Each structure stands twice: as structure tokens, then as C-alpha cells.
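Take a look at the letters that make up each chain.
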Amino acid sequence: MKKETVLTERAPKPIGPYSQGVIAEGKFLFISGQIPINPETGELVTGDIEIQADQALKNLLAVVEAAGGSAENVVKVTVYIRDMGNYARFNEVYNRYFSKSKPARAVVEVSNLPKGVDVEIEAIAVL
């Protein structure tokens, strides 16, 4: 299998033993879970779910763009959220990034996420 690692300065450096993204067979891009870290400072972006979701989505799409794609290439998104009560507020931000092309999606409430953030987002894109 042909595999290529994607690494961009426009998304946070991995905080563990993983790649930001991996392109398999030249067209399938698997994007690791992105949390709200500012890639320029390496600091967590804190605040309400809208602020955190916005940064996590910017990070996710930075990886997609580094691989040569755009939001239109994203076919599946998985969202891990600490409080399903924030679902509607999260969707308002999410819809700004995926207003034209709506990927398949799952949203899962979890008890904890890396660095105590409120949201983590992973995706699959076809380039």
C-alpha cells in the first residue's frame, strides 16, 4: 500500500505518536483528531464551544488543504464532544465550514478529551 504523511505548520503539531494526516493509495486522506490548539503559538484556544469548534475546524481543514484538498473533499467527519447540550451551538459553527457539501457525520458525547478540551474532530477526505 502506498502511504504518504501530511504535515503542515497551519495545524498544531501532533501531541502524541501520530501524523496530522495520512494519504493512502494516493487519494484517501485520513485526518487525525484536531483539537482547538492555535498552531502559531501551540497554546490551547479556550472559551465556549463555538470558539473551540472554530479553531478545531480550521486545524482540520488546514490538513486537508496541505494535502491539496478543500472542504468539498471531506466525505466523513466524526465529532467528539464533551457535552451534547452544545450540539446546536456546535452545528452553527460547523455549518459555516460545510455549508455547500455536507459530509456524512457522527457526533459522539465523551467524558474527556485530550488536554481537557470540549471538542475533537477527525475526518476522511477523498482527494
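Within an unreviewed UniProt entry, the label attached to the protein chain reads Deaminase, and the organism entered is Thermococcus barossii. What UniProt states about the protein chain under its Sequence similarities (unreviewed entry) heading is, verbatim, "Belongs to the RutC family."

Draft legend 1. Examining the overall build of the protein chain more closely. Of regular secondary structure, the protein chain possesses two helices and six strands. In the protein chain, the succession of α and β elements from N to C terminus is β-β-β-α-β-α-β-β. Its C-alpha atoms give the protein chain principal-axis dimensions of about 40 × 30 × 25 Å. In the protein chain, buried positions account for 41% of the 127 residues. Counting contacts in the protein chain only where the partners sit at least 6 residues apart, residues at least 24 apart contribute 68% of the total. For the protein chain, the exposed area adds up to about 6,600 Å²; of that, 49% sits on carbon and sulfur atoms. A distance of 5 Å separates the average location of the 14 positive side-chain charges in the protein chain from that of its 16 negative side-chain charges.

Draft legend 2. Seen up close, the packing of aromatic side chains. Summed over the entire model, instances satisfying the criterion amount to two aromatic pairs. Measuring from ring centre to ring centre gives 5.7 Å for F90 and Y94, while their planes differ by 35 degrees; the resulting arrangement is tilted. Highlighted residues: F90 and Y94, both in helix α2 (residues 87–97), separated by four residues, approximately one helical turn. Consider the rings of Y94 and F98, whose centres lie 4.8 Å apart with planes at 40 degrees: the pair is tilted. Side by side, Y94 and F98 carry an identical accessibility label, which is buried. Among the aromatic residues, those joined into a cluster by ring pairs are F90, Y94 and F98. For the cation-ring pair, R105 lies above Y94, with the distance from its terminal atom to the ring centre recorded as 4.5 Å.

Draft legend 3. Region of the structure containing helix α1 (residues 49–66). Between its terminal C-alpha atoms α1 stretches 26 Å, which fits the 26 Å expected from 18 residues at 1.5 Å a residue. Buried residues dominate α1, accounting for 14 of its 18 residues.

Draft legend 4. Here's a closer look at the pattern of salt bridges. Counting across every chain of the model gives three salt bridges. One salt bridge in this structure joins R10 and E65, with 2.8 Å as the shortest N-O distance. In this pair, R10 is assigned in the loop between β1 (3–6) and β2 (21–24) and E65 in helix α1, connecting sequence segments 55 residues apart. Under the relative-accessibility criterion, R10 is labelled partly exposed at 48%. The shortest N-O distance in the salt bridge between D54 and K58 comes to 3.1 Å. On the criterion of helical spacing, the pair formed by D54 and K58 is a turn pair, its members being four residues apart in helix α1. For D54, a relative accessible area of 18% corresponds to the buried category. You can call K58 partly exposed: its relative accessible area is 42%.

Cut-off values and rules
Residues numbered from 1 in each chain as written. Predicted model: local features only at pLDDT ≥ 70, side-chain atom pairs only at ≥ 80, totals over all residues. Heavy atoms only, no water. UniProt positions renumbered as here; feature names shortened; annotations may be inferred. Helix = DSSP H or I, 4+ residues; strand = E, 2+ residues; numbered from the N terminus. Buried < 20%, exposed > 50% of the residue type's maximum accessible area, 1.4 Å probe, protein only. Contact = heavy atoms within 4.5 Å. Areas by Shrake-Rupley, 256 points an atom, 1.4 Å probe, with all protein chains shown as cover. Lys, Arg positive; Asp, Glu negative; His and termini not counted. Charge placed at Lys NZ, Arg CZ, Asp CG, Glu CD. Phe/Tyr/Trp six-rings, centres within 6.5 Å; stacked < 30°, edge-to-face > 60°. Lys NZ or Arg CZ within 6 Å of the ring centre and 35° of its normal. Expected span 1.5 Å × (residues − 1). Salt bridge = Lys/Arg side-chain N within 4 Å of Asp/Glu carboxyl O.

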